[in-house]
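Residue-level structural notes
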Amino acid sequence: MSETGIATGATAPQKTPWGAVFLFCLLFFIFGFVTWLNGPLITFVKLAFNLSDVDAFLVPSVFYLSYFFLSLPSAFILRKTGMKRGMALGLLVMGIGAACFGQFATMRIFEGALTGLFIIGAGLSILQTAANPYISVLGPIESGAQRIAVMGIFNKFAGFLAPILVGTYILHGVGGLEAEVKAATDPAVRDAILNSFAARIHTPYMVVAAFLALMAVATWFSPLPAIGDDANPSSGKSTGGAIVQMLFGFFAIFTYVGVEVMAGDAITTYGNSFGMPLDQTKFFTSFTLVAMLVGYVVGLITIPRFISQERYLILSAILGIILTAGAFFTKGFPSVLFVAALGFANAMMWPAIFPLGIRGLGKLTEFGGALLVMGIAGGAVIPWLFAYLKESMDFQLVFVILMVPCYAYILIFGLIAGREGKAAADARTKASAAEF
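A short tour of the structure in this document, coming up. (Residues numbered from 1 in each chain as written. Predicted model: local features only at pLDDT ≥ 70, side-chain atom pairs only at ≥ 80, totals over all residues. Heavy atoms only, no water.)

**Things to note about the overall build of the protein chain**
- Looking only at helices and strands, one finds 20 helices and 0 strands in the protein chain.
- In the protein chain, the share of contacts with a sequence separation of at least 24, taken over all contacts with a separation of at least 6, comes to 86%.
- Of the roughly 16800 Å² of accessible surface on the protein chain, a fraction of 71% belongs to carbon and sulfur atoms. (Helix = DSSP H or I, 4+ residues; strand = E, 2+ residues; numbered from the N terminus. Contact = heavy atoms within 4.5 Å. Areas by Shrake-Rupley, 256 points an atom, 1.4 Å probe, with all protein chains shown as cover.)

This is the structure:
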């Protein structure tokens, strides 16, 4: 593989090169902003295209399904292009997708808009497949969660800004607009109102597309340190054992992204189900992102200084179950706040799961990373199930039925990873004692 990739013969770094980390932070800010636009976009397309909740939730479904279909091809692309050029390609693909979405959404062609979102997700799948394994082994694997947490702060700060900007500049007056559309008896008048509303999306997405293209050029010329095979040395597992580990990691990411999107993107629909107005609920995604930012800061301070990433993951999963129960047993705004607080519980899950999912894979690190990124498809499946099932069941009951099993699986994954981590540490201690 080329000098910018993971699989080179370079010596494994003993210390984290923070300059490279912050380069990735900038990239995570960019695609964090793009990703967390999905929450307010659900509200946008529901009104602009006159859709049901089930159809509107195709926005995150299509976006996140692109990861499932394109993560493994992305790994092969990165082997051909190298890390840096592959990431530049990913940014360029994202820019093309943003331009397509802006154009087709303005024309109110829903299939075209969904295609644009799928293309954005395709670019992101390349970036995620490259960035997460790279940052996990760019330093000691035991502190991988800490490095990903640094990126997560930038990612979620962008996510905090996204719904505020969309709510202010695109969804402003959306409550009155919805009433105006319902009151319009003439189809031509109704279409004129919706066409004017849909046109608000055009300029912002064209600006995003241009910025992503510029970032692709900047990334192409940016320096990245080489990472060798010994950065994530094999634990000696058999091929079958490594595959089982990767599958456990895949489902952990699948369930995690599902609960993250439920707490972040679906919170708007959750609030609407209590009868809250759109002008109020359009900002709810930002509540979740604030909670996630706090969670990242806490994780950054405590891992691995005071607590292992395995232990933190276990506690986060337990907290997720408790907060989900709190949302179920309350009503109205307090229930929404419990959902938003899930952002704190979710914050350090991805930073902990990803290093644990690829730990000790050796030469299979890239393939394992791609398989884990495929798990992002959970953000397509679980929220859509929520939108579908709440059509015939109480929405709070559906919420708890979907969320608790996801957190329970993450808890089991954390327990298993913790046991394996302890066994590996004990083995290293015995080996050191024998050498002494």
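Further notes follow.
**Side note on the packing of helix α5 (residues 83-106) against helix α10 (residues 202-220)**
- Relative to each other, α5 and α10 sit at 170°, their axes nearing to 8 Å. On the basis of the axis angle, α5 is roughly antiparallel to α10.
- Tallied by class, residues from the contact of α5 with α10 come to 16 nonpolar, 6 polar and 2 charged. (Axes fitted to C-alpha atoms, helices over the stretch in contact; angles between N-to-C directions. Parallel < 35°, antiparallel > 145°, perpendicular 65-115°, else oblique. Nonpolar A, V, L, I, M, F, W, Y, C, P; charged D, E, K, R; others polar.)

**Some words on the packing of aromatic side chains**
- A complete count under the given rule lists 23 aromatic pairs for this structure.
- The interplanar angle of 55° and the centroid separation of 6.1 Å between the aromatic rings of Phe 284 and Phe 333 together place this pair among those described as tilted. In this pair, Phe 284 sits in helix α14 (residues 284-302) while Phe 333 sits in helix α16 (residues 332-346), placing the two residues 49 residues apart along the sequence.
- Given the relative accessible area of 1%, Phe 284 is considered buried.
- When the ring of Phe 386 is compared with that of Phe 399, the centres are 6.2 Å apart and the planes differ by 80°; the resulting orientation is edge-to-face. Of this pair, Phe 386 sits in helix α19 (residues 378-389) while Phe 399 is found in helix α20 (residues 395-435), placing the two residues 13 residues apart along the sequence.
- Using a relative accessible area of 1% as the deciding quantity, one classes Phe 386 as buried.
- Among the aromatic residues, those joined into a cluster by ring pairs are Tyr 270, Phe 274, Phe 386, Phe 395 and Phe 399. (Phe/Tyr/Trp six-rings, centres within 6.5 Å; stacked < 30°, edge-to-face > 60°. Buried < 20%, exposed > 50% of the residue type's maximum accessible area, 1.4 Å probe, protein only.)

**Observations concerning the pattern of salt bridges**
- Taken as a whole, this structure holds 5 salt bridges when the rule is applied.
- In this structure, the salt-bridge partner of Asp 279 is Lys 282, at a minimum N-O distance of 3.6 Å.
- The exposure class of Asp 279 is partly exposed, given its relative accessible area of 34%.
- With a shortest N-O distance of 2.8 Å, Glu 310 and Arg 359 are connected by a salt bridge. Of this pair, Glu 310 sits in helix α15 (residues 309-328) while Arg 359 sits in the loop between α17 (349-358) and α18 (365-374), and the two are 49 residues apart along the sequence.
- Using a relative accessible area of 10% as the deciding quantity, one classes Glu 310 as buried.
- The structure contains a network of salt bridges with shared partners spanning Lys 46, Asp 53 and Lys 390. (Salt bridge = Lys/Arg side-chain N within 4 Å of Asp/Glu carboxyl O.)

**Observations regarding the nonpolar core**
- With 134 residues, the main nonpolar core has Leu 41, Phe 44, Leu 91, Tyr 256, Ile 353 and Phe 386 as its most contacted residues.
- Ignoring any residue separated from it by four or fewer positions in sequence, one finds Phe 44 in contact with Ala 105, Ile 170, Leu 171, Phe 197, Ala 198 and Ile 201. (Core = buried A, V, L, I, M, F, W, Y, C linked by side-chain atoms within 4.5 Å.)

**Considering empty space enclosed by the protein**
- For the structure shown, the criterion picks out 2 cavities of 30 Å³ or more.
- By volume, the largest cavity amounts to about 250 Å³.
- Gln 128, Asn 155, Lys 156, Glu 260 and Trp 350 are, among the 19 residues lining the largest cavity, the residues nearest its centre.
- Among the elements of the structure, α1 (18-35), α4 (58-81), α6 (110-137), α7 (144-169) and α11 (239-264) are those that each provide at least two residues to the lining of the largest cavity.
- At 5 residues, α7 tops the list of elements feeding residues into the lining of the largest cavity.
- Counted by class, the lining of the largest cavity contains 12 nonpolar, 5 polar and 2 charged residues. (1 Å grid on protein atoms, 1.4 Å probe; cavity = no way out; pocket = protein on both sides within 12 Å on 5 of 7 lines; lining within 4 Å. Points joined across faces, edges and corners; volume = space filled by probe spheres on them.)

**Brief notes about the layout of surface pockets**
- Here the second largest pocket defines a volume of roughly 390 Å³.
- Along the walls of the second largest pocket sit 16 residues, with Phe 33, Leu 165, Pro 204, Val 207 and Val 208 positioned nearest its centre.
- Among the secondary structure elements, those contributing two or more residues to the lining of the second largest pocket are α1, α7 and α10.
- Examining the composition of the lining of the second largest pocket, we find that 6 residues originate from one element, α10, more than from any other.
- Looking at the lining of the second largest pocket, its residues break down into 16 nonpolar, no polar and no charged.

**Examining the environment of Ala 380**
- Relative to the assigned elements, Ala 380 resides in helix α19.
- A relative accessible area of 3% means that Ala 380 is categorised as buried.
- It is 9.6 Å that separates the C-alpha atoms of Ala 380 and Phe 68, two residues lying 312 residues apart in sequence.
- Setting aside its immediate chain neighbours within four residues, Ala 380 contacts Pro 60, Ser 61, Tyr 64 and Leu 65.

**Comments concerning unusual backbone geometry**
- Here the phi dihedral of Asn 50 falls at roughly 55°; this positive angle occurs in a residue that is not glycine.
- Looking at the secondary structure, you find Asn 50 in the loop between α2 (38-48) and α3 (53-56).
- Classification of Asn 50 as exposed rests on a relative accessible area of 61%.
- Despite not being glycine, Arg 108 has its phi angle at roughly 60°, a positive value.

These figures capture arrangement, not role.
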